[in-house]
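For reference, the chains in residue letters:
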Amino acid sequence: MNKFIELKNVRKSYVVGEQKFNALDGIDLSINQGEFVVILGPSGAGKSTLLNLLGGMDKATSGDIFIGENNIAKYDDKELTRYRANDVGFIFQFYNIMPTLTVEENVNLIKDVTNTSKDSKEILKSVGLLKHANKFPQELSGGEQQRVSIARAIMKNPKVLLCDEPTGALDSKTGVEVLKLLREQSDNDTTVIIVTHNALIADIADRVIRIKNGKVEESVLNKHPKNIDEVKW
């Protein structure tokens, strides 16, 4: 695999009153293209901050963030907007889909922000939702709603798929189905990064990154990741 993401001495600081707080305190890490990555750490460790920086939703206080050959830490607001629109897919714990739009309309929203979108029906078929294309979110189960958010994210053919607790609101069986869909994206050369409290997901990852107190505690390649069905959830 080729190195695709590299962070060099990345810091993200906030000032509260007279106190300065480092949410990220000198992060260094590398991720290869097409890796299935799990980021673990306690609450407040800096996991979500890291995800926000990788997704261009926030700016680092200092340091470099290379996505491919581009240092997005140096991007202005317009360049970050273009980066988010074309290169990154986002999947969140609580779906963030529009209740007044059908499944297919939710997925097709991506066409308003990027020119790289795929065919919506092909995407819905790939996540097992084609038969639900004309339904509204309230007619779907939680797992199906999460699959809508996955379909919307991969509709733009992103280089990076960022997932914040994507199975956190799901039962274990449905969570496994969602993880299989995300693993498929990685197998198709999309770099998938999952932030989670669920340490079991680390068993299926290509790389496990542990963060504590705003620093990378370890970044370990998993030489023998388990098949999702092998894990006792």
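Structural notes, computed from the coordinates. (Residues numbered from 1 in each chain as written. Predicted model: local features only at pLDDT ≥ 70, side-chain atom pairs only at ≥ 80, totals over all residues. Heavy atoms only, no water.)

Let us look at the sheet that holds strand β5 (residues 70-71). Strand order in the open sheet made by the 4 strands is β2-β1-β4-β5, with antiparallel pairing throughout. The open sheet terminates on both sides in strands that have one partner only, identified here as β2 (19-32) and β5. Looking at chain direction, strand β1 (residues 3-16) and β2 are connected through 11 bridges and run antiparallel. Note that in β2 the partner of Ser 13 across the bridge is Asn 22. Relative to the sheet, helix α1 (residues 47-54) contacts β1, β2 and β4 (62-67), its axis offset from that of β1 by approximately 120°. (Pairing = 2+ DSSP bridges. Helix = DSSP H or I, 4+ residues; strand = E, 2+ residues; numbered from the N terminus. Contact = heavy atoms within 4.5 Å. Axes fitted to C-alpha atoms, helices over the stretch in contact; angles between N-to-C directions.)

Tracing the backbone through its elements, the reader meets Lys 156 in the loop between α5 (142-155) and β7 (160-164). With no salt bridge to any partner, buried Lys 156 finds its closest opposite charge in Asp 87, at an N-O distance of 8.4 Å. Within the local environment of Lys 156, its side chain forms a polar contact with the backbone oxygen of Val 88, the two atoms lying 2.7 Å apart. (Buried < 20%, exposed > 50% of the residue type's maximum accessible area, 1.4 Å probe, protein only. Lys, Arg positive; Asp, Glu negative; His and termini not counted. Salt bridge = Lys/Arg side-chain N within 4 Å of Asp/Glu carboxyl O. Polar contact = N/O pair within 3.5 Å; in protein donor to acceptor, adjacent residues only side chain to side chain.)

The biggest cluster of nonpolar side chains holds 38 residues, and the ones touching the most others in it are Phe 36, Ile 150, Leu 161 and Leu 182. Those elements that place two or more of their residues in this core are β3 (36-40), α3 (103-108), α4 (120-126), α5, β7, α6 (172-187) and β8 (191-195). No other element matches the 6 residues that α5 contributes to this core. For Phe 36, the residues in contact, after removing those within four places along its chain, are Leu 182, Arg 183, Ser 186, Val 192, Ile 194, Ile 204, Ala 205, Asp 206 and Arg 207. Counting 29 residues, the second-largest nonpolar core is a separate cluster that includes Val 10, Ile 27, Leu 50 and Ile 209. (Core = buried A, V, L, I, M, F, W, Y, C linked by side-chain atoms within 4.5 Å.)

The mixed open sheet is built from 6 strands, whose spatial order is β6-β7-β8-β3-β9-β10. Each of the sheet's edge strands pairs with one partner strand only, and the pair in question is β6 (88-92) and β10 (215-221). If you compare each strand with its neighbour and ignore which way they point, the axes differ by 15° on average. In this sheet, strand β9 (residues 207-212) lies alongside β3 in parallel orientation, the contact comprising 4 bridges. Residue Leu 40 lies in a different strand from β9, and its bridge partner there is Arg 210. Packed on one face of the sheet, α1 meets β3, β7, β8 and β9 and runs near 155° to β7. Contacts from helix α2 (residues 77-87) reach β6 and β7, with the element oriented near 75° to β6.

In the structure shown here, the tally under the stated rule is 2 aromatic pairs. Ring plane angle 80° and centroid distance 6.5 Å describe the contact between Tyr 75 and Tyr 83, whose orientation is recorded as edge-to-face. By relative accessible area, which is 3% here, Tyr 83 ends up buried. Geometrically, the ring pair formed by Phe 90 and Phe 92 is stacked, given 6.2 Å between the ring centres and 5° between the ring planes. (Phe/Tyr/Trp six-rings, centres within 6.5 Å; stacked < 30°, edge-to-face > 60°.)

Here we come to α1. Here α1 lies mainly inside the structure; 6 of its 8 residues are buried. Taken residue by residue, α1 has Lys 47, Thr 49, Leu 50, Leu 51, Leu 53 and Leu 54 as its buried positions. One or two steps after α1, the chain reaches Gly 56, where phi turns positive at roughly 70°.

A negative phi holds for most residues other than glycine; trans holds for most peptide bonds. Of note, the phi angle at Asn 9 is positive, near 50°, even though the residue is not glycine. Here Asn 9 is to be found in strand β1. Looking at Asn 9, the relative accessible area reads 39%, which means it is partly exposed. Unusually for a residue other than glycine, Asn 157 sits at a positive phi of about 60°. Looking at the secondary structure, you find Asn 157 in the loop between α5 and β7. Asn 157 gets classed as partly exposed once you look at its relative accessible area, which sits at 44%.

Residue position: Ser 186 is located in helix α6. The class of Ser 186 is buried, set by a relative accessible area of 4%. Reaching out from Ser 186, the side chain makes a polar contact with the backbone oxygen of Gly 34 at a distance of 2.7 Å. Beyond its immediate stretch of four places on either side in the chain, Ser 186 contacts Gly 34, Glu 35, Phe 36, Val 192 and Asp 206.

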